Amino acid sequence: MSRALKSADREKTAERLLNSSADKFYDPEVDIDWNAPLAEGLPYTPEHRISLYGTELWDRMTPEQRIELGKHEVASVASNGIWFEVLLMQMLLKEVYRTDPTSRHAQYALTEIADECRHSTMFARAIEKVGVPAYGPPKILHRLGRMLPVIGYGPALYGSILVAEEILDRIQRESMADPQVQPLVRMVNRIHVLEEARHVTFAREEVVRGMAKLRKWELPYQRLLIALVSYAITRSLINPRVYSAVGLDRAEAMRAAAGNPHFHETLKWSGERIMKFLGEAGLVGAPGMRWWKAAHLI
């Protein structure tokens, strides 16, 4: 009886999200004017969210160099967003593969995959528009990412995706509300935030259901897996190549960013909501605490 009720709740959520998806969605190919020129002199992200903000190196940079670094960092975050979304789509395809396709749960998973395809294309076009490389994660993390759909399962897998999605969501919500930020970036962020709200609801409920049926001996692995993946997420956001791209010494800039309390605070701020949820769900704890702290999420 309990299992039947849980299944009914899952279907009810999926039905609601399907209706929401049909009622309100964007097509970036149509809803963004890709031919409009970029606004001259406007930053691409709020200055205080740039990784070197507040450092001695930042003080030595020209205003033009600061804007340029912000542009490259936004592109780095967006290209890592594509990486995260590709991993998410792999996970959702596995879910659909083993689920009755007539269920609302499977149909919403397919709808979310379609959303993520549009988002990834949108991020790619935005990177192309601003004229910087699609940095993506460092090579070692890119290779390790292939293992996640294999070694990951259960609530830690959905939880890991939530960490990536909700960190981006917090950063993008602030950026899209800032009238000083480039209009293109604000529109891209607005579209992503609107549609990701449904994805977050879907994933959070899967985490709660997964934790309810998790066996006691599985919990340490789940906690360690999500902590390690979250560490990789925060470390991948800003590819070190962005520093040399704007004329900085890469090694010096990496040291400055790694020791920058302002950037550490940005990471902690961006993860506040998801960390509260994961803590309440029981996914934050030993043996993963060392990695949560190294990720600057607690």
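For clarity, every value in this text was computed on a predicted model and none was experimentally measured. (Residues numbered from 1 in each chain as written. Predicted model: local features only at pLDDT ≥ 70, side-chain atom pairs only at ≥ 80, totals over all residues. Heavy atoms only, no water.)

Novice: Would you take a moment to explain the overall build of the chain for this structure?
Specialist: Across its full length, the chain holds 15 helices and zero strands. By the compact-globule yardstick of 19 Å for 298 residues, the chain fits well, its C-alpha radius of gyration being 19 Å. For the chain, the spread of C-alpha atoms along the three principal axes comes to 65 × 45 × 30 Å. Across the chain, contacts joining residues at least 24 apart in sequence account for 83% of those joining residues at least 6 apart. (Helix = DSSP H or I, 4+ residues; strand = E, 2+ residues; numbered from the N terminus. Rg over C-alpha atoms; globule rule 2.2 N^0.38 Å. Contact = heavy atoms within 4.5 Å.)

Novice: I keep staring at the packing of helix α8 (residues 154–176) against helix α9 (residues 183–212) and nothing clicks. Help me out?
Specialist: When two helices pack together, their arrangement is given by the angle between the helix axes and the distance between those axes. Relative orientation of the contacting elements α8 and α9 amounts to 150 degrees, with a least axis distance of 8 Å. As the angle between them shows, α8 and α9 are arranged roughly antiparallel. The handedness of the crossing between α8 and α9 comes out as left-handed. Looking at the contact of α8 with α9, its residues break down into 11 nonpolar, six polar and nine charged. (Axes fitted to C-alpha atoms, helices over the stretch in contact; angles between N-to-C directions. Parallel < 35°, antiparallel > 145°, perpendicular 65-115°, else oblique. Left-handed = near helix turned anticlockwise from the far one by under 90°. Nonpolar A, V, L, I, M, F, W, Y, C, P; charged D, E, K, R; others polar.)

Novice: How do you make sense of a nonpolar patch on the surface when you look at a structure like this?
Specialist: Side chains of Ile140, Leu144, Met147, Val150, Ile151, Tyr153 and Tyr221 sit close together on the surface and give an oily, nonpolar patch of about 650 Å² of accessible area. For the nonpolar patch, the secondary structure elements donating two or more residues are α6 (139–145) and α7 (148–151). Its place among the elements puts Val150 in helix α7. (Patch = residues over 30% accessible without salt bridge, like charges linked within 9 Å, V, L, I, M, F, W, Y side chains within 5 Å. Areas by Shrake-Rupley, 256 points an atom, 1.4 Å probe, with all protein chains shown as cover. Salt bridge = Lys/Arg side-chain N within 4 Å of Asp/Glu carboxyl O.)

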